[in-house]
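Structure assessment
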Amino acid sequence: MLTMQDIKGHYNFTEGDAELLKALRPLAEANKERLTSIFYDFLLGIPETAALLRDDQLLRRQKEIHQEWFMGLFSGIYDNSYHHTLQRIGRSHVRTGLNAHFVNAAMNVVRRFLVELLQENIQAAEERRAYRNAVELIVDINLDIISASYQEEELQKVFLSHKIESKLIHLAERFTYGLNLILVIALAGVSLGVVGLFIWDICHVFVGDAEKGILGALGTLLIIWMMIELMDNEIKTLKGGKFNILVFIGVIIVALIREILISTLRHDDLKTQIFLAGTLLILGIVYYLVAKSQSESPH
Ligand code: HEM
């Protein structure tokens, strides 16, 4: 953490500069209204800054505040308490939602005003140069401290929510990963069951009704095939791939085809058969539409 002493040292700001600034106090006092007027013309001329100064009552108070800060440039005392005041200014502006860019631009307005003021009032070039140097230094130091605490405040804001956000996202990711893992294990279990069913159907071919056995085995094979697709899809999702809804529609279609096969064997009434065929047709159309939309938007 830098102290005011450190900062002054880095800018090569000396006691002589502090004395020069103090000597400028009467000139600043005589021109503070003019500065305020130029400063506020600037602020009210930009929609983004004017929006923060809409209230007339507050405006008067804010003008006083900004004027006090301006006079503070010429107090001659630039200690740690001055440092704290500048840090508070940065934080206050962040809280108003003001973009740091406008503080920089406003500081430029102050700098130009002061340079011109010296130009108008101090004739001796050497003397003017010394004053100008002191003025430029204090303006730079002000901007440095205000911007630094401005950025710190903004970073804190971002990092606080960023931390919470990333933790939540991480938790949610782990949770869905866990769920997907459970799904894959369950699918594996169900697949084993379907394999058992297939064996049972095959047994039917040899013992008992051959037609029923063959059609049943065919339906079960279709299901095994879809189970493979489903698991493949889940594993891809686990590895970070895209979830493919088409596979799920495919599973329902296959299950329905199997049902139709069994239904014909059972010699179900026409109504049931029409209902199954109708459902299959609708699912076919849904499958086609989803597949089409997926091929149109590959991302
Ligand atoms: C040279 C740049 C600027 C300096 C040195 C400066 C200085 C200050 C100071 C000393 C305060 C009082 C802070 C406090 O006591 O907590 C303040 C507050 C404020 N400033 Fe500035 N200001 C600057 C630029 C701007 C700009 C560009 C705007 C744009 C509208 C602005 C709007 C305000 C407002 C709205 C407040 C009141 C904040 C509050 O209610 O807490 N200032 N400013």
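The rules behind the values
- Residues numbered from 1 in each chain as written.
- Predicted model: local features only at pLDDT ≥ 70, side-chain atom pairs only at ≥ 80, totals over all residues.
- Heavy atoms only, no water.
- Helix = DSSP H or I, 4+ residues; strand = E, 2+ residues; numbered from the N terminus.
- Rg over C-alpha atoms; globule rule 2.2 N^0.38 Å.
- Buried < 20%, exposed > 50% of the residue type's maximum accessible area, 1.4 Å probe, protein only.
- Contact = heavy atoms within 4.5 Å.
- Areas by Shrake-Rupley, 256 points an atom, 1.4 Å probe, with all protein chains shown as cover.
- Lys, Arg positive; Asp, Glu negative; His and termini not counted.
- Charge placed at Lys NZ, Arg CZ, Asp CG, Glu CD.
- Donors = N, O, S within 2.8 Å, 3.2 Å for Na, K, Ca; no water.
- Near = heavy atom within 4 Å.
- Polar contact = N/O pair within 3.5 Å; in protein donor to acceptor, adjacent residues only side chain to side chain.
- Nonpolar A, V, L, I, M, F, W, Y, C, P; charged D, E, K, R; others polar.
- Domains from an automatic or database assignment.
- Core = buried A, V, L, I, M, F, W, Y, C linked by side-chain atoms within 4.5 Å.
- Phe/Tyr/Trp six-rings, centres within 6.5 Å; stacked < 30°, edge-to-face > 60°.
- Salt bridge = Lys/Arg side-chain N within 4 Å of Asp/Glu carboxyl O.

Brief notes about the overall build of the protein
Along its length, the protein carries 11 helices and 0 strands. Each helix (α) and strand (β) of the protein, taken in turn from the N terminus, gives the series α-α-α-α-α-α-α-α-α-α-α. Computed over its C-alpha atoms, the radius of gyration of the protein comes to 39 Å, more than 25% above the 19 Å expected for a compact globule of 299 residues. Dimensions along the principal axes, computed over C-alpha positions, put the protein at roughly 120 × 35 × 30 Å. Split into buried and exposed, the 299 residues of the protein put 35% on the buried side. Of the contacts made within the protein by residues no fewer than 6 positions apart, 75% connect residues no fewer than 24 positions apart. As displayed, the protein offers around 18,900 Å² of accessible surface, 64% of which is attributable to carbon and sulfur atoms. Distance between charge centroids for the protein: 2 Å, based on 29 positive and 35 negative side chains.

Comments concerning the coordination of the iron atom of the ligand
Listed as protein donors to the iron atom of the ligand are H66 (NE2) and H93 (NE2); their distances from the metal cover 2.0 to 2.1 Å. By relative accessible area, which is 18% here, H93 ends up buried.

Focus: the site of the ligand
Taken together, 19 residues lie near the ligand, and H66, W69, R88, S92 and H93 sit nearest. H66 places a side-chain nitrogen or oxygen 2.7 Å from a nitrogen atom of the ligand. Tallying contributions element by element places helix α6 (residues 80-96) first for the shell around the ligand, with 5 residues. The residue inventory of the shell around the ligand, partitioned by class, reads 12 nonpolar, 6 polar and 1 charged.

Considerations on the environment of L192
When you line up the elements, L192 lands in helix α8 (residues 125-206). Sequence-wise, L192 and G178 are 14 residues apart; in three dimensions their C-alpha atoms are separated by 21 Å.

Re the domain arrangement of the protein
According to the domain assignment, the protein contains domain 1 (4-164) and domain 2 (208-296). Relative placement of domain 1 and domain 2: their C-alpha centres are 73 Å apart.

Comments concerning the nonpolar core
In terms of nonpolar packing, the biggest core is built from 47 residues, with F70, L73, F74 and L114 touching the most fellow members. Sorting the residues of this core by element identifies α1 (4-11), α2 (15-23), α3 (25-45), α5 (56-72), α6, α7 (100-121) and α8 as the ones contributing at least two each. The contacts of L114, once residues within four sequence positions are left out, are F70, L73, F74, V135 and V139. Counting 9 residues, the second largest nonpolar core, distinct from the first, contains L187, V194, M227 and L230.

Thoughts on unusual backbone geometry
Although it is not a glycine, N12 sits at a positive phi angle of roughly 60 degrees. Note on placement: N12 falls in the loop between α1 and α2.

Let's talk about the packing of aromatic side chains
Summed over all chains, the structure comprises 5 aromatic pairs. Summarising the aromatic geometry, the rings of F13 and Y78 are spaced 5.5 Å apart at their centres and angled 85 degrees between planes, so their arrangement reads as edge-to-face. In this pair, F13 is assigned in the loop between α1 and α2 and Y78 in the loop between α5 and α6, connecting sequence segments 65 residues apart. Taking relative accessible area as the criterion, F13 reaches 9% and is therefore assigned buried. Here Y78 falls in the buried class, since its relative accessible area comes to 3%. Here Y78 and Y82 contribute two aromatic rings whose centre-to-centre distance is 5.3 Å and whose plane-to-plane angle is 75 degrees, an arrangement assigned as edge-to-face. When sorted by exposure, Y78 lands in the same class as Y82, which is buried. Among the aromatic residues, ring-to-ring pairing joins F13, Y78 and Y82 into one connected group.

Topic: the pattern of salt bridges
Tallying each qualifying case throughout the model produces 7 salt bridges. Here R34 makes a salt bridge to E120, at a shortest N to O gap of 3.3 Å. In this pair, R34 sits in helix α3 while E120 sits in helix α7, placing the two residues 86 residues apart along the sequence. Relative accessible area serves as the criterion here: at 36%, R34 is assigned to the partly exposed category. Note that R129 and E126 form a salt bridge whose closest N and O atoms lie 3.4 Å from each other. Within this pair, R129 and its partner E126 are both found in helix α8, separated by 3 residues, close to a single helical turn. Assessed through its relative accessible area of 57%, R129 is described here as exposed. What makes E126 exposed here is its relative accessible area of 57%. The structure contains a network of salt bridges with shared partners spanning R111, R132, E136 and D140.

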